[in-house]
Amino acid sequence: MGAPRLRRRDDAGDRVVSGRLLLLVESNTTGTGRLFARRAAELDVTPVLLSKDPARYPYAAEDGLRTVVVDTSDADRLWEAAGRLAAEAPVAGVLTSSEYYVPAAAALASRLGLPGPSADAVRACRDKAEQRRILAAAGVGVPGFAVVSTADAAVSAAATRLPVVVKPVQGSGSLGVRLCSDLDEVAGHAGALLAATTNERGVATPGRILVEEYLTGAEFSVEVFGTEAVVTVTKHVGPLPAFVEVGHDVPAALPAGLERELRQTAVRAVTALGLGWGAAHVELRLDGPVAKVIEVNPRLAGGMIPELVRRACGIDLVRAQVLAALGRAAHPERALYGRASIRFLTTDRDGILAPDLTVSLTRAGAVPGVVEAVLYRAPGEPVGPATDFRDRLGHVIAVADHPAEAAGAADRGVAALAGAIAATPLDRQEALT
Ligand SMILES: Nc1ncnc2c1ncn2[C@@H]1O[C@H](COP(=O)(O)OP(=O)(O)OP(=O)(O)O)[C@@H](O)[C@H]1O
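Residues numbered from 1 in each chain as written. Predicted model: local features only at pLDDT ≥ 70, side-chain atom pairs only at ≥ 80, totals over all residues.

Enquirer: Quick question: what am I supposed to make of the overall build of the chain here?
Expert: For the chain, the helix and strand inventory stands at 14 helices and 21 strands. Against the 2.2 N^0.38 benchmark of 22 Å for 433 residues, the chain shows a C-alpha radius of gyration of 22 Å, consistent with a compact globule. When the 433 residues of the chain are sorted by exposure, 47% land in the buried category. Contacts spanning at least 24 positions in sequence make up 67% of the contacts within the chain whose residues lie at least 6 apart. (Helix = DSSP H or I, 4+ residues; strand = E, 2+ residues; numbered from the N terminus. Rg over C-alpha atoms; globule rule 2.2 N^0.38 Å. Buried ≥ 20, exposed ≤ 12 C-beta atoms within 10 Å, placed from the backbone. Contact = placed C-beta atoms within 7 Å.)

Structure follows, in C-alpha coordinates:
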(Lines give C-alpha, C1' and ligand atoms only; values in the text may rest on other atoms or scores of the structure.)
Protein backbone atom coordinates (compact mmCIF):
# COMPACT_ATOMS: atom_id res chain seq x y z
CA MET A 1 0.00 0.00 0.00
CA GLY A 2 3.00 2.35 0.38
CA ALA A 3 3.66 5.13 2.86
CA PRO A 4 1.04 7.76 3.73
CA ARG A 5 1.00 10.63 1.27
CA LEU A 6 0.46 14.32 1.64
CA ARG A 7 -2.84 15.91 0.67
CA ARG A 8 -3.37 16.02 -3.06
CA ARG A 9 -5.93 17.17 -5.60
CA ASP A 10 -8.55 14.67 -6.74
CA ASP A 11 -8.41 13.78 -10.47
CA ALA A 12 -12.18 13.98 -10.70
CA GLY A 13 -12.38 17.58 -9.53
CA ASP A 14 -10.58 20.08 -7.36
CA ARG A 15 -11.69 18.66 -4.02
CA VAL A 16 -8.81 18.20 -1.60
CA VAL A 17 -8.12 14.52 -1.02
CA SER A 18 -6.54 13.57 2.29
CA GLY A 19 -3.69 11.09 2.48
CA ARG A 20 -5.79 7.99 3.20
CA LEU A 21 -8.95 6.45 1.80
CA LEU A 22 -11.94 4.74 3.40
CA LEU A 23 -13.67 2.52 0.85
CA LEU A 24 -17.45 2.35 1.29
CA VAL A 25 -18.90 -0.68 -0.48
CA GLU A 26 -22.40 0.40 -1.56
CA SER A 27 -24.57 2.09 1.08
CA ASN A 28 -27.88 1.86 2.84
CA THR A 29 -30.53 4.08 1.33
CA THR A 30 -32.06 5.50 4.50
CA GLY A 31 -29.86 7.81 6.47
CA THR A 32 -26.64 6.42 7.89
CA GLY A 33 -24.86 5.79 4.56
CA ARG A 34 -24.35 9.51 4.19
CA LEU A 35 -23.12 9.79 7.79
CA PHE A 36 -20.36 7.20 7.26
CA ALA A 37 -18.87 9.38 4.53
CA ARG A 38 -19.19 12.53 6.64
CA ARG A 39 -17.57 10.97 9.71
CA ALA A 40 -14.69 9.70 7.58
CA ALA A 41 -14.10 13.22 6.26
CA GLU A 42 -14.24 14.61 9.81
CA LEU A 43 -11.51 12.10 10.73
CA ASP A 44 -9.42 13.44 7.82
CA VAL A 45 -9.86 10.33 5.71
CA THR A 46 -11.29 10.54 2.19
CA PRO A 47 -14.41 8.39 1.70
CA VAL A 48 -14.79 6.71 -1.70
CA LEU A 49 -18.08 5.03 -2.57
CA LEU A 50 -17.70 1.84 -4.62
CA SER A 51 -21.02 1.12 -6.28
CA LYS A 52 -22.61 -0.64 -9.22
CA ASP A 53 -25.01 2.27 -9.54
CA PRO A 54 -24.08 5.39 -7.53
CA ALA A 55 -27.29 7.11 -8.73
CA ARG A 56 -29.10 4.86 -6.25
CA TYR A 57 -27.73 7.15 -3.51
CA PRO A 58 -28.72 10.77 -4.26
CA TYR A 59 -26.70 11.97 -1.25
CA ALA A 60 -23.46 10.95 -3.01
CA ALA A 61 -23.89 13.64 -5.66
CA GLU A 62 -25.35 16.15 -3.20
CA ASP A 63 -22.33 15.78 -0.89
CA GLY A 64 -19.75 15.64 -3.71
CA LEU A 65 -18.72 12.15 -2.57
CA ARG A 66 -16.13 10.54 -4.80
CA THR A 67 -17.62 7.44 -6.45
CA VAL A 68 -16.13 4.56 -8.42
CA VAL A 69 -18.46 2.45 -10.56
CA VAL A 70 -17.67 -1.23 -10.07
CA ASP A 71 -19.55 -4.54 -9.97
CA THR A 72 -19.69 -4.82 -6.18
CA SER A 73 -21.14 -8.32 -6.35
CA ASP A 74 -17.84 -9.58 -7.82
CA ALA A 75 -15.00 -9.91 -5.28
CA ASP A 76 -12.29 -9.77 -7.95
CA ARG A 77 -13.66 -6.56 -9.53
CA LEU A 78 -13.77 -5.00 -6.05
CA TRP A 79 -10.19 -6.09 -5.41
CA GLU A 80 -9.05 -4.54 -8.72
CA ALA A 81 -10.87 -1.28 -7.96
CA ALA A 82 -9.26 -1.18 -4.51
CA GLY A 83 -5.88 -1.82 -6.13
CA ARG A 84 -6.33 1.11 -8.54
CA LEU A 85 -7.29 3.40 -5.66
CA ALA A 86 -4.39 2.15 -3.54
CA ALA A 87 -2.03 3.21 -6.31
CA GLU A 88 -3.26 6.78 -5.73
CA ALA A 89 -3.38 6.83 -1.94
CA PRO A 90 -3.22 4.30 0.89
CA VAL A 91 -6.45 2.49 1.64
CA ALA A 92 -6.96 2.72 5.42
CA GLY A 93 -10.27 0.92 5.81
CA VAL A 94 -13.28 -0.74 4.17
CA LEU A 95 -16.85 -0.47 5.44
CA THR A 96 -20.44 -0.76 4.34
CA SER A 97 -23.70 0.49 5.78
CA SER A 98 -25.72 -1.89 3.57
CA GLU A 99 -26.96 -5.20 4.95
CA TYR A 100 -26.43 -6.79 1.54
CA TYR A 101 -22.74 -5.94 1.21
CA VAL A 102 -21.42 -6.79 4.69
CA PRO A 103 -19.78 -10.05 3.50
CA ALA A 104 -18.26 -8.33 0.45
CA ALA A 105 -16.82 -5.49 2.57
CA ALA A 106 -15.52 -7.94 5.19
CA ALA A 107 -13.86 -10.10 2.52
CA LEU A 108 -12.24 -7.08 0.84
CA ALA A 109 -10.98 -5.72 4.18
CA SER A 110 -9.51 -9.11 5.03
CA ARG A 111 -7.85 -9.42 1.60
CA LEU A 112 -6.31 -5.98 2.08
CA GLY A 113 -5.13 -6.90 5.59
CA LEU A 114 -7.41 -4.26 7.11
CA PRO A 115 -9.66 -4.44 10.21
CA GLY A 116 -13.15 -5.90 9.89
CA PRO A 117 -15.43 -8.68 11.03
CA SER A 118 -14.82 -12.32 10.10
CA ALA A 119 -16.07 -12.69 6.52
CA ASP A 120 -17.17 -16.27 7.23
CA ALA A 121 -19.10 -15.20 10.34
CA VAL A 122 -20.96 -12.39 8.58
CA ARG A 123 -21.74 -14.65 5.62
CA ALA A 124 -23.29 -17.25 7.93
CA CYS A 125 -25.09 -14.57 9.91
CA ARG A 126 -26.68 -13.07 6.79
CA ASP A 127 -28.38 -16.37 6.05
CA LYS A 128 -31.19 -16.32 8.60
CA ALA A 129 -31.60 -20.10 8.45
CA GLU A 130 -27.92 -20.66 9.16
CA GLN A 131 -28.07 -17.98 11.87
CA ARG A 132 -31.04 -19.72 13.52
CA ARG A 133 -29.22 -23.08 13.50
CA ILE A 134 -26.06 -21.61 15.07
CA LEU A 135 -27.99 -19.75 17.76
CA ALA A 136 -30.21 -22.72 18.60
CA ALA A 137 -27.16 -25.01 18.83
CA ALA A 138 -25.51 -22.52 21.22
CA GLY A 139 -28.62 -22.47 23.44
CA VAL A 140 -29.59 -18.88 22.56
CA GLY A 141 -33.40 -18.45 22.49
CA VAL A 142 -34.95 -18.28 18.99
CA PRO A 143 -38.52 -18.85 17.74
CA GLY A 144 -39.33 -22.36 16.51
CA PHE A 145 -38.43 -22.51 12.82
CA ALA A 146 -38.31 -24.67 9.71
CA VAL A 147 -36.27 -24.08 6.56
CA VAL A 148 -38.17 -25.13 3.43
CA SER A 149 -37.74 -24.92 -0.32
CA THR A 150 -41.25 -25.68 -1.60
CA ALA A 151 -44.69 -24.25 -0.84
CA ASP A 152 -45.90 -27.75 0.14
CA ALA A 153 -43.12 -28.08 2.70
CA ALA A 154 -44.02 -24.62 4.04
CA VAL A 155 -47.62 -25.76 4.52
CA SER A 156 -46.50 -28.93 6.33
CA ALA A 157 -44.18 -26.92 8.59
CA ALA A 158 -46.96 -24.42 9.39
CA ALA A 159 -49.69 -27.01 10.07
CA THR A 160 -48.91 -27.38 13.78
CA ARG A 161 -47.74 -23.80 14.39
CA LEU A 162 -50.36 -21.38 12.99
CA PRO A 163 -50.21 -18.43 12.83
CA VAL A 164 -46.67 -18.36 11.44
CA VAL A 165 -44.22 -15.83 10.08
CA VAL A 166 -43.09 -16.71 6.55
CA LYS A 167 -39.99 -14.85 5.38
CA PRO A 168 -36.94 -14.92 3.08
CA VAL A 169 -33.68 -16.32 4.50
CA GLN A 170 -31.90 -13.19 3.31
CA GLY A 171 -33.26 -9.71 3.34
CA SER A 172 -33.67 -6.46 5.11
CA GLY A 173 -36.28 -3.84 5.90
CA SER A 174 -39.02 -6.46 6.51
CA LEU A 175 -39.20 -7.15 2.78
CA GLY A 176 -41.29 -10.27 2.23
CA VAL A 177 -41.84 -10.84 5.98
CA ARG A 178 -45.48 -11.70 6.55
CA LEU A 179 -47.75 -13.16 9.23
CA CYS A 180 -49.85 -15.98 7.74
CA SER A 181 -52.96 -16.99 9.67
CA ASP A 182 -54.06 -20.01 7.66
CA LEU A 183 -52.54 -22.62 5.36
CA ASP A 184 -53.83 -20.97 2.17
CA GLU A 185 -51.96 -17.80 3.11
CA VAL A 186 -48.86 -19.86 3.87
CA ALA A 187 -49.04 -21.60 0.48
CA GLY A 188 -49.62 -18.30 -1.36
CA HIS A 189 -46.90 -16.30 0.35
CA ALA A 190 -44.33 -19.14 0.38
CA GLY A 191 -45.01 -19.73 -3.33
CA ALA A 192 -44.55 -16.02 -4.12
CA LEU A 193 -41.27 -15.79 -2.17
CA LEU A 194 -39.88 -18.95 -3.76
CA ALA A 195 -40.89 -17.81 -7.25
CA ALA A 196 -38.73 -14.67 -6.97
CA THR A 197 -35.31 -15.47 -8.44
CA THR A 198 -33.58 -12.23 -7.46
CA ASN A 199 -33.88 -9.86 -4.51
CA GLU A 200 -34.41 -6.09 -4.75
CA ARG A 201 -30.65 -5.60 -5.25
CA GLY A 202 -30.77 -7.95 -8.25
CA VAL A 203 -28.87 -10.71 -6.42
CA ALA A 204 -29.95 -14.36 -6.90
CA THR A 205 -32.17 -15.67 -4.08
CA PRO A 206 -31.17 -18.94 -2.37
CA GLY A 207 -34.41 -20.87 -3.05
CA ARG A 208 -35.11 -21.45 0.66
CA ILE A 209 -37.41 -19.64 3.06
CA LEU A 210 -38.22 -19.72 6.77
CA VAL A 211 -41.49 -20.69 8.42
CA GLU A 212 -41.40 -19.50 12.02
CA GLU A 213 -43.35 -19.59 15.24
CA TYR A 214 -44.93 -16.14 15.71
CA LEU A 215 -43.68 -14.48 18.90
CA THR A 216 -46.21 -11.95 20.16
CA GLY A 217 -44.19 -10.31 22.94
CA ALA A 218 -42.84 -6.73 22.87
CA GLU A 219 -39.98 -6.07 20.46
CA PHE A 220 -36.60 -4.51 21.25
CA SER A 221 -33.19 -4.17 19.72
CA VAL A 222 -29.86 -4.13 21.50
CA GLU A 223 -27.10 -2.17 19.81
CA VAL A 224 -23.89 -4.09 20.44
CA PHE A 225 -20.38 -2.79 19.78
CA GLY A 226 -17.64 -5.42 19.92
CA THR A 227 -19.03 -7.68 22.63
CA GLU A 228 -20.54 -4.85 24.68
CA ALA A 229 -24.26 -4.04 24.79
CA VAL A 230 -24.35 -0.27 24.30
CA VAL A 231 -28.07 0.55 24.41
CA THR A 232 -31.49 -1.10 24.31
CA VAL A 233 -34.17 0.25 21.96
CA THR A 234 -37.98 -0.18 22.05
CA LYS A 235 -39.33 -0.93 18.57
CA HIS A 236 -42.81 -0.33 17.22
CA VAL A 237 -44.18 -2.17 14.21
CA GLY A 238 -47.16 -1.23 12.04
CA PRO A 239 -50.34 -3.18 11.33
CA LEU A 240 -50.24 -6.92 10.62
CA PRO A 241 -49.79 -8.96 8.47
CA ALA A 242 -46.74 -6.86 7.46
CA PHE A 243 -44.03 -5.91 9.97
CA VAL A 244 -43.02 -2.40 9.00
CA GLU A 245 -40.96 -0.65 11.69
CA VAL A 246 -42.84 2.56 12.44
CA GLY A 247 -40.95 3.88 15.47
CA HIS A 248 -38.13 3.50 17.98
CA ASP A 249 -37.59 4.83 21.51
CA VAL A 250 -34.01 5.21 22.76
CA PRO A 251 -33.08 4.09 25.33
CA ALA A 252 -35.88 1.63 26.13
CA ALA A 253 -37.46 2.34 29.52
CA LEU A 254 -37.25 -1.10 31.14
CA PRO A 255 -37.08 -2.75 34.56
CA ALA A 256 -33.48 -3.70 35.38
CA GLY A 257 -34.12 -7.47 35.14
CA LEU A 258 -35.58 -7.26 31.66
CA GLU A 259 -32.85 -4.90 30.49
CA ARG A 260 -30.27 -7.43 31.70
CA GLU A 261 -32.05 -10.34 29.98
CA LEU A 262 -32.11 -8.48 26.65
CA ARG A 263 -28.50 -7.32 26.86
CA GLN A 264 -27.14 -10.71 27.92
CA THR A 265 -29.08 -12.56 25.22
CA ALA A 266 -27.86 -10.12 22.55
CA VAL A 267 -24.20 -10.47 23.57
CA ARG A 268 -24.50 -14.27 23.75
CA ALA A 269 -25.98 -14.25 20.23
CA VAL A 270 -23.20 -12.06 18.84
CA THR A 271 -20.53 -14.24 20.46
CA ALA A 272 -22.13 -17.51 19.31
CA LEU A 273 -22.12 -16.21 15.74
CA GLY A 274 -18.38 -15.43 15.86
CA LEU A 275 -19.01 -11.69 15.46
CA GLY A 276 -17.70 -9.24 18.06
CA TRP A 277 -16.04 -6.70 15.75
CA GLY A 278 -17.66 -3.26 15.47
CA ALA A 279 -21.40 -2.76 15.54
CA ALA A 280 -24.13 -5.41 15.55
CA HIS A 281 -27.87 -4.79 15.64
CA VAL A 282 -29.73 -7.51 17.54
CA GLU A 283 -33.53 -7.68 17.31
CA LEU A 284 -35.38 -9.58 20.01
CA ARG A 285 -38.93 -10.31 21.10
CA LEU A 286 -40.08 -11.35 24.54
CA ASP A 287 -41.57 -14.80 25.00
CA GLY A 288 -42.89 -14.42 28.55
CA PRO A 289 -39.89 -13.28 30.59
CA VAL A 290 -37.42 -14.79 28.10
CA ALA A 291 -35.79 -12.79 25.29
CA LYS A 292 -35.63 -14.60 21.95
CA VAL A 293 -33.57 -13.44 18.99
CA ILE A 294 -35.50 -12.45 15.87
CA GLU A 295 -32.38 -11.47 13.98
CA VAL A 296 -28.76 -10.43 14.39
CA ASN A 297 -27.57 -7.98 11.74
CA PRO A 298 -23.76 -7.91 11.56
CA ARG A 299 -23.73 -4.17 10.97
CA LEU A 300 -24.85 -0.88 12.43
CA ALA A 301 -28.63 -0.45 12.88
CA GLY A 302 -30.60 1.32 10.19
CA GLY A 303 -33.86 3.20 10.72
CA MET A 304 -32.03 6.28 12.05
CA ILE A 305 -31.26 4.39 15.29
CA PRO A 306 -27.61 5.58 15.36
CA GLU A 307 -28.89 9.16 15.17
CA LEU A 308 -31.31 8.54 18.06
CA VAL A 309 -28.49 6.99 20.12
CA ARG A 310 -26.34 10.05 19.45
CA ARG A 311 -29.10 12.45 20.46
CA ALA A 312 -30.19 10.51 23.55
CA CYS A 313 -26.91 9.08 24.84
CA GLY A 314 -24.21 11.22 23.23
CA ILE A 315 -22.71 8.07 21.67
CA ASP A 316 -21.77 8.37 18.00
CA LEU A 317 -21.95 4.77 16.75
CA VAL A 318 -21.23 5.79 13.15
CA ARG A 319 -18.00 7.47 14.21
CA ALA A 320 -17.13 4.46 16.36
CA GLN A 321 -17.69 2.15 13.39
CA VAL A 322 -15.52 4.30 11.12
CA LEU A 323 -12.78 4.40 13.78
CA ALA A 324 -12.94 0.61 14.12
CA ALA A 325 -12.58 0.23 10.33
CA LEU A 326 -9.51 2.46 10.47
CA GLY A 327 -8.05 0.30 13.24
CA ARG A 328 -8.39 3.05 15.81
CA ALA A 329 -9.73 2.53 19.32
CA ALA A 330 -13.45 3.27 19.68
CA HIS A 331 -15.06 3.20 23.11
CA PRO A 332 -18.72 4.23 22.87
CA GLU A 333 -19.26 5.78 26.32
CA ARG A 334 -22.59 7.31 27.33
CA ALA A 335 -22.27 11.09 27.72
CA LEU A 336 -25.93 12.22 27.77
CA TYR A 337 -28.98 11.00 29.72
CA GLY A 338 -31.82 12.14 27.48
CA ARG A 339 -34.45 10.24 25.47
CA ALA A 340 -35.03 10.24 21.74
CA SER A 341 -37.94 8.83 19.74
CA ILE A 342 -38.58 8.51 16.03
CA ARG A 343 -41.94 7.91 14.35
CA PHE A 344 -42.15 7.08 10.66
CA LEU A 345 -45.04 8.37 8.58
CA THR A 346 -47.06 5.60 6.95
CA THR A 347 -50.61 5.50 5.68
CA ASP A 348 -53.30 2.81 5.78
CA ARG A 349 -54.96 3.89 2.52
CA ASP A 350 -54.13 5.02 -0.98
CA GLY A 351 -53.57 8.74 -1.28
CA ILE A 352 -51.41 11.44 -2.74
CA LEU A 353 -48.95 13.88 -1.23
CA ALA A 354 -50.18 17.47 -1.15
CA PRO A 355 -48.79 19.93 -3.73
CA ASP A 356 -47.22 21.97 -0.93
CA LEU A 357 -45.52 19.98 1.82
CA THR A 358 -44.09 22.93 3.74
CA VAL A 359 -47.23 23.46 5.84
CA SER A 360 -47.13 19.95 7.30
CA LEU A 361 -43.36 20.01 7.72
CA THR A 362 -43.57 23.36 9.52
CA ARG A 363 -46.40 22.14 11.77
CA ALA A 364 -44.51 18.95 12.65
CA GLY A 365 -41.31 20.90 13.28
CA ALA A 366 -43.16 23.31 15.58
CA VAL A 367 -44.27 20.56 18.01
CA PRO A 368 -42.30 21.12 21.24
CA GLY A 369 -39.52 18.52 21.48
CA VAL A 370 -39.41 17.78 17.75
CA VAL A 371 -35.90 18.28 16.38
CA GLU A 372 -36.31 16.89 12.87
CA ALA A 373 -39.22 16.44 10.48
CA VAL A 374 -38.60 15.02 7.01
CA LEU A 375 -40.68 13.79 4.07
CA TYR A 376 -39.03 11.37 1.66
CA ARG A 377 -41.39 11.89 -1.27
CA ALA A 378 -42.11 14.73 -3.66
CA PRO A 379 -45.33 16.78 -3.76
CA GLY A 380 -48.10 15.04 -5.71
CA GLU A 381 -46.59 11.53 -5.45
CA PRO A 382 -49.09 8.70 -4.96
CA VAL A 383 -48.79 6.83 -1.64
CA GLY A 384 -50.36 3.66 -0.22
CA PRO A 385 -50.37 1.20 2.68
CA ALA A 386 -46.92 0.10 3.83
CA THR A 387 -45.72 -3.49 3.36
CA ASP A 388 -42.00 -2.84 3.89
CA PHE A 389 -39.59 -0.02 4.80
CA ARG A 390 -39.72 1.48 1.30
CA ASP A 391 -43.33 2.55 1.87
CA ARG A 392 -42.42 4.82 4.78
CA LEU A 393 -43.08 8.41 3.72
CA GLY A 394 -41.10 10.45 6.21
CA HIS A 395 -40.15 10.72 9.86
CA VAL A 396 -40.15 12.90 12.93
CA ILE A 397 -37.49 12.76 15.66
CA ALA A 398 -38.17 14.20 19.13
CA VAL A 399 -35.95 14.51 22.20
CA ALA A 400 -36.86 15.07 25.84
CA ASP A 401 -35.71 14.29 29.37
CA HIS A 402 -38.33 11.60 29.97
CA PRO A 403 -39.33 8.63 27.78
CA ALA A 404 -43.05 9.43 27.65
CA GLU A 405 -42.35 13.06 26.67
CA ALA A 406 -40.07 12.10 23.76
CA ALA A 407 -42.51 9.43 22.52
CA GLY A 408 -45.51 11.79 22.92
CA ALA A 409 -43.78 14.59 21.02
CA ALA A 410 -42.81 12.22 18.19
CA ASP A 411 -46.42 10.93 18.02
CA ARG A 412 -47.78 14.48 17.83
CA GLY A 413 -45.14 15.42 15.27
CA VAL A 414 -45.94 12.54 12.94
CA ALA A 415 -49.68 13.25 13.28
CA ALA A 416 -48.95 16.80 12.05
CA LEU A 417 -46.84 15.40 9.21
CA ALA A 418 -49.76 13.18 8.17
CA GLY A 419 -51.50 16.38 7.03
CA ALA A 420 -49.28 16.09 3.93
CA ILE A 421 -51.37 13.11 2.72
CA ALA A 422 -54.29 14.29 0.61
CA ALA A 423 -57.09 12.67 -1.41
CA THR A 424 -56.59 9.35 -3.24
CA PRO A 425 -55.17 9.40 -6.75
CA LEU A 426 -58.54 8.06 -7.93
CA ASP A 427 -60.47 10.93 -6.33
CA ARG A 428 -57.99 13.35 -7.79
CA GLN A 429 -58.26 11.81 -11.24
CA GLU A 430 -62.06 12.03 -11.05
CA ALA A 431 -61.82 15.65 -9.92
CA LEU A 432 -59.62 16.44 -12.91
CA THR A 433 -61.92 14.84 -15.51
N1 LIG B 1 -40.78 -15.24 14.35
C2 LIG B 1 -41.22 -14.00 14.48
N3 LIG B 1 -42.12 -13.69 15.45
C4 LIG B 1 -42.60 -12.43 15.59
N5 LIG B 1 -42.24 -11.41 14.81
C6 LIG B 1 -41.36 -11.64 13.83
C7 LIG B 1 -40.79 -12.94 13.61
N8 LIG B 1 -39.95 -12.87 12.56
C9 LIG B 1 -39.98 -11.58 12.13
N10 LIG B 1 -40.82 -10.84 12.89
C11 LIG B 1 -41.13 -9.40 12.74
O12 LIG B 1 -40.77 -8.99 11.44
C13 LIG B 1 -39.76 -7.98 11.50
C14 LIG B 1 -38.81 -8.17 10.36
O15 LIG B 1 -38.26 -9.48 10.45
P16 LIG B 1 -36.72 -9.74 10.15
O17 LIG B 1 -35.89 -8.91 11.07
O18 LIG B 1 -36.48 -11.19 10.17
O19 LIG B 1 -36.64 -9.22 8.65
P20 LIG B 1 -35.68 -8.17 7.97
O21 LIG B 1 -36.11 -8.07 6.56
O22 LIG B 1 -34.27 -8.56 8.25
O23 LIG B 1 -36.05 -6.83 8.70
P24 LIG B 1 -35.11 -5.70 9.33
O25 LIG B 1 -34.09 -5.35 8.29
O26 LIG B 1 -36.09 -4.63 9.59
O27 LIG B 1 -34.52 -6.30 10.54
C28 LIG B 1 -39.15 -8.12 12.88
O29 LIG B 1 -38.60 -6.89 13.31
C30 LIG B 1 -40.35 -8.56 13.71
O31 LIG B 1 -41.16 -7.45 14.05
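That covers the picture; the talk isn't over yet.
Enquirer: What am I meant to see in helix α6 (residues 128-137) here?
Expert: Because an α-helix packs 3.6 residues into every turn, residues spaced three or four apart end up facing the same way. Along α6, the residues classified as buried are K128, Q131, R132, I134 and L135. Axial view of α6: buried residues confined to an arc of 170°, hence all on one face. Along its buried surface, α6 packs onto α5 (119-126), β7 (145-148), β10 (209-213), α9 (256-272) and β15 (290-297). Once α6 finishes, G139 follows within two positions and takes phi at roughly 80°, a positive value. (Arc of directions from axis to C-beta.)

Enquirer: Would you explain the domain arrangement of the chain in this entry?
Expert: When the domains of the chain are assigned, the result is domain 1 (8-114), domain 2 (144-213), domain 3 (216-335) and domain 4 (338-433). Across the boundary between the two partners, domain 1 contributes 18 residues, which contact 14 residues of domain 3. For the side of domain 1 that touches domain 3, the secondary structure elements donating two or more residues are α1 (32-42) and β6 (91-95). In terms of residue count, α1 provides more of the side of domain 1 that touches domain 3 than any other element does, five residues in total. For the side of domain 1 that touches domain 3, the per-class residue count stands at ten nonpolar, six polar and two charged. (Domains from an automatic or database assignment. Nonpolar A, V, L, I, M, F, W, Y, C, P; charged D, E, K, R; others polar.)

Enquirer: I would appreciate a short explanation of the sheet that holds strand β11 (residues 219-225) in the present structure.
Expert: Strand order in this open sheet of eight strands is β15-β14-β11-β12-β13-β16-β20-β18, and the pairing throughout is antiparallel. The sheet is open, and its two borders are formed by β15 and β18 (370-375), each paired with just one other strand. Ignoring strand direction, the axes of neighbouring strands in this sheet form an average angle of 20°. Sheet analysis places strand β14 (residues 279-287) next to β15, joined by seven bridges and oriented antiparallel. Bridged to H281 within β15 is N297. (Pairing = 2+ DSSP bridges. Axes fitted to C-alpha atoms, helices over the stretch in contact; angles between N-to-C directions.)

Enquirer: Can you walk me through the environment of G365 in this structure?
Expert: Relative to the elements of secondary structure, G365 occurs in helix α12 (residues 358-366). Using a count of 17 C-beta atoms within 10 Å as the deciding quantity, one classes G365 as partly exposed. With 52 residues separating them along the chain, G365 and L417 place their C-alpha atoms 8.8 Å apart. Setting aside residues no more than four positions away along its own chain, G365 makes contact with V370 and A373.

Enquirer: Looking at this structure, I do not really get the pairing of β11. What am I missing?
Expert: One face of the sheet, then the other: side chains in a regular strand alternate in exactly this way. Of all seven residues in β11, six are buried, a share of seventy percent or more. As paired strands, β11 and strand β12 (residues 228-237) are joined by seven bridges and run antiparallel to one another. Looking at the pairing, V224 lines up with A229 of β12. Linking β11 to β12, which pair antiparallel, is a turn of two residues; within it G226 sits at a positive phi near 65°. Of the pairings in the sheet, the one linking β11 to β14 comprises seven bridges and is antiparallel in character. Counted as the bridge partner of F225 is A279 from β14.

Enquirer: For this particular structure, what's the right way to read the sheet that holds strand β19 (residues 382-383)?
Expert: Strands sit in the order β19-β17-β21 across an open sheet of three strands; the sheet is antiparallel. Both edges of this open sheet fall to β19 and β21 (421-422), since each of them pairs with a single strand only. Relative to β19, strand β17 (residues 351-353) runs antiparallel, the two being bridged by two bridges. Of the residues in β19, the one forming a bridge with I352 is P382.

Enquirer: Would you explain the site of the ligand in this entry?
Expert: Looking at the ligand, there are 21 residues lining it, with S172, E212, L215, F243 and E295 nearest. Elements that contribute at least two residues to the shell around the ligand include exactly β8 (164-168), β10, β14 and β15. Among the residues forming the shell around the ligand, the class breakdown is nine nonpolar, four polar and eight charged. Counting contributing residues per domain, the shell around the ligand is built from domain 2 (144-213) and domain 3 (216-335), each supplying no fewer than three. (Near = placed C-beta within 6 Å.)

Enquirer: Where do I start with the packing of α12 against helix α13 (residues 403-417) in this structure?
Expert: To characterise two packed helices, one gives the angle between the axes of the helices and the distance between these axes. As a packed pair, α12 and α13 sit with axes 8 Å apart at the nearest point and diverge in direction by 170°. Judged by the inter-axis angle, α12 sits roughly antiparallel to α13. Note on packing geometry: the crossing formed by α12 with α13 is right-handed. Residues S360, R363 and A364 of α12 pack against G413, A416 and L417 of α13. A class-by-class count of the residues in the contact of α12 with α13 yields three nonpolar, two polar and one charged. (Parallel < 35°, antiparallel > 145°, perpendicular 65-115°, else oblique. Left-handed = near helix turned anticlockwise from the far one by under 90°.)

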